Each structure stands twice: as C-alpha cells, then as structure tokens.
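Secondary and tertiary structure notes
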Amino acid sequence: MLPAGYWNQSLIDIQNEFANQVLGYDNPYTGMRIADDPALALVDMNNEKNIYTANMTSSTGSYYNELNEKFSAWLKNKYTSREALRLAWLPKTYDETSWCNVGLQNSEDPWSVGKPVQIMDDKEDGSLDRGRFTKGRGKDAKTFLCELEAAYYSQRMNFLKNTVGVKCPVSGGTAYTSNQIENFYAMTNTDFISTHLY
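About the cut-offs
- Note on numbering: residues in each chain are counted from 1, in written sequence order.
- Local features in this predicted model are restricted to residues of pLDDT 70 or higher, and side-chain atom pairs are both shown and tallied only at a pLDDT of 80 or more, whereas totals for entire chains, interfaces and linings draw on every residue.
- Hydrogen atoms and water are omitted, and side-chain values are computed over all heavy atoms in the structure.
- Going along the chain from the N terminus, every DSSP run of H or I of four or more residues is numbered as a helix, and every run of E of two or more is numbered as a strand.
- Only protein chains enter the area calculation, which uses a 1.4 Å probe; residues under 20% of their type maximum are buried, those over 50% are exposed, and those in between are partly exposed.
- Accessible surface area values rest on a Shrake-Rupley calculation with a 1.4 Å probe, where residue burial reflects the displayed protein chains alone.
- Here a cavity is any set of points on a 1 Å grid over the protein atoms alone where a 1.4 Å probe fits but cannot get out, and a pocket is any open set with protein on both sides within 12 Å along at least 5 of 7 lines; a residue lines the site when it has an atom within 4 Å of a point.
- Grid points are joined across faces, edges and corners, and a volume is the space filled by probe spheres set on the points.
- Classes in brief: Ala, Val, Leu, Ile, Met, Phe, Trp, Tyr, Cys and Pro nonpolar; Asp, Glu, Lys and Arg charged; the others, Gly included, polar.
- Any carboxyl oxygen of Asp or Glu within 4 Å of a side-chain nitrogen of Lys or Arg constitutes a salt bridge here.
- Here the expected span of a helix is defined as 1.5 Å times the quantity of residues minus one.

**Quick notes on the overall build of the protein**
- Across its full length, the protein carries 6 helices and 5 strands.
- Here the protein holds 198 residues, and the buried ones make up 44% of them.
- Element-wise, carbon and sulfur atoms account for 54% of the exposed surface of the protein, whose accessible area totals about 10,500 Å².

**What to know about the layout of surface pockets**
- In this structure, the largest pocket encloses a volume near 270 Å³.
- Elements with a minimum of two residues in the lining of the largest pocket: α1 (9–23), β3 (43–46) and α5 (135–164).
- Counting residues per element, the lining of the largest pocket draws most heavily on α1, at 7 residues.
- Along the lines of polarity and charge, the residues of the lining of the largest pocket split into 13 nonpolar, 2 polar and 2 charged.

**So, the pattern of salt bridges**
- In this structure the tally under the stated criterion is 6 salt bridges.
- Residue D36 is joined to R33 by a salt bridge in which the shortest nitrogen-to-oxygen separation is 2.9 Å.
- Judged by relative accessible area, D36 falls into the partly exposed class, the value being 28%.
- When the shortest N-O distance is used, the salt bridge between K78 and D140 registers 2.5 Å. Remark: D140 occurs in helix α5 and K78 occurs in helix α2 (residues 62–78); sequence separation between them is 62 residues.
- Look at the salt bridges and you will find they share partners, linking R33, D36 and K167 into a network.

**Things to note about α5**
- Compared with an ideal rise of 1.5 Å per residue, which puts 30 residues at 44 Å, α5 spans 42 Å between its outermost C-alpha atoms and is within 8% of the ideal.
- Two residues or fewer past α5, G165 is found with a positive phi of approximately 85 degrees.

As structure tokens, this is what we get:
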C-alpha cells in the first residue's frame, strides 16, 4: 500500500472497494459470501504496514502536498498563532540546539496560503525517528500521524463491519515498529492488535 493510502480518501475508497469485492464474493462451493463464512478466522487490513514505517517523502506530488496541508490545518487547530507555534518548536536543550534543531522554518506558515508545514525533514529518509526536528516539532508530527492513522482505522473498521458485514475479528495491521505505543493507540478501534516477530 502507498503511504498516502492512510490519508487520501480516493485511495481509502479503493481499499474499501477491494475489500468489498473479496469479502463480498459469493463462494460457489459453500453458497455463502466470504465475509459470512465461519471458516474466516480474521481480517488484517494492512499486513506489516503502518503509517510510521512508511516513507512519507516517497509520496511525492499531490499526495505529499495533501499530507502537509492536513498537518498545517491540524496545527492551526492546536495553536493560536504562528508565533505560538514557533515558540513551541524552539530548541530547548543543548542536544536540540546542536543536532535536532529544525523548528518552524521561515517558509512555513499554516496561516498563509501556499506555505504548508512539512511533516517530514526532506533532508532525511522520511523517518520521524531520524529527522532533525526539535522535540516540540517531532511530538506534534507524531501526534498528528497517530490521530491520522486512528481515523483511518476507524473509517476502515466501520466500512468492513457495517457495510461489508464482516463477522470475524479485524486487525489494523502489525504493530512492530519503534512507535509501538502510537500504533497501539491508533488501533484501539479495531477488534485486536497484532504484534509479532518471526
């Protein structure tokens, strides 16, 4: 799945349609839909995928721009002004001043058209853990992504259970990253959380 499958509604609709085609298929041997078959033990929405292991910067063009616009709108909802946001993202410790020193940049302003805040540090590989953000910026980015992923799983669960009529337990995916706490929270609206290693 493309990383944008977590936030772009058209891609979410495609996932839902695919699930509906597979799980709504009438099995000619049993005479029932796959979703109604008691042999179906579980449904896993995304095998070994989550929003934290996705390289966001690989979602180039309109998908990445859409994510940045969503992040900017989220920030506008949290902070009263650009100055309040700038102060919250200032480096606060020696470590932040020397390395993790990327706070709000001059080119970023959620309150101005065409100046969205970047969710990722474009100079890194797209990983929040290895970025150069200040603690305040990193915390806001992780909180936003956690809420975004939780909304995705809630929407997908609603579709699978109420539209498709899936009766078996449904999991969001495998929580196996360094952001396990965030994954656990994001999947609280699923029937169970899968976490395992091989």
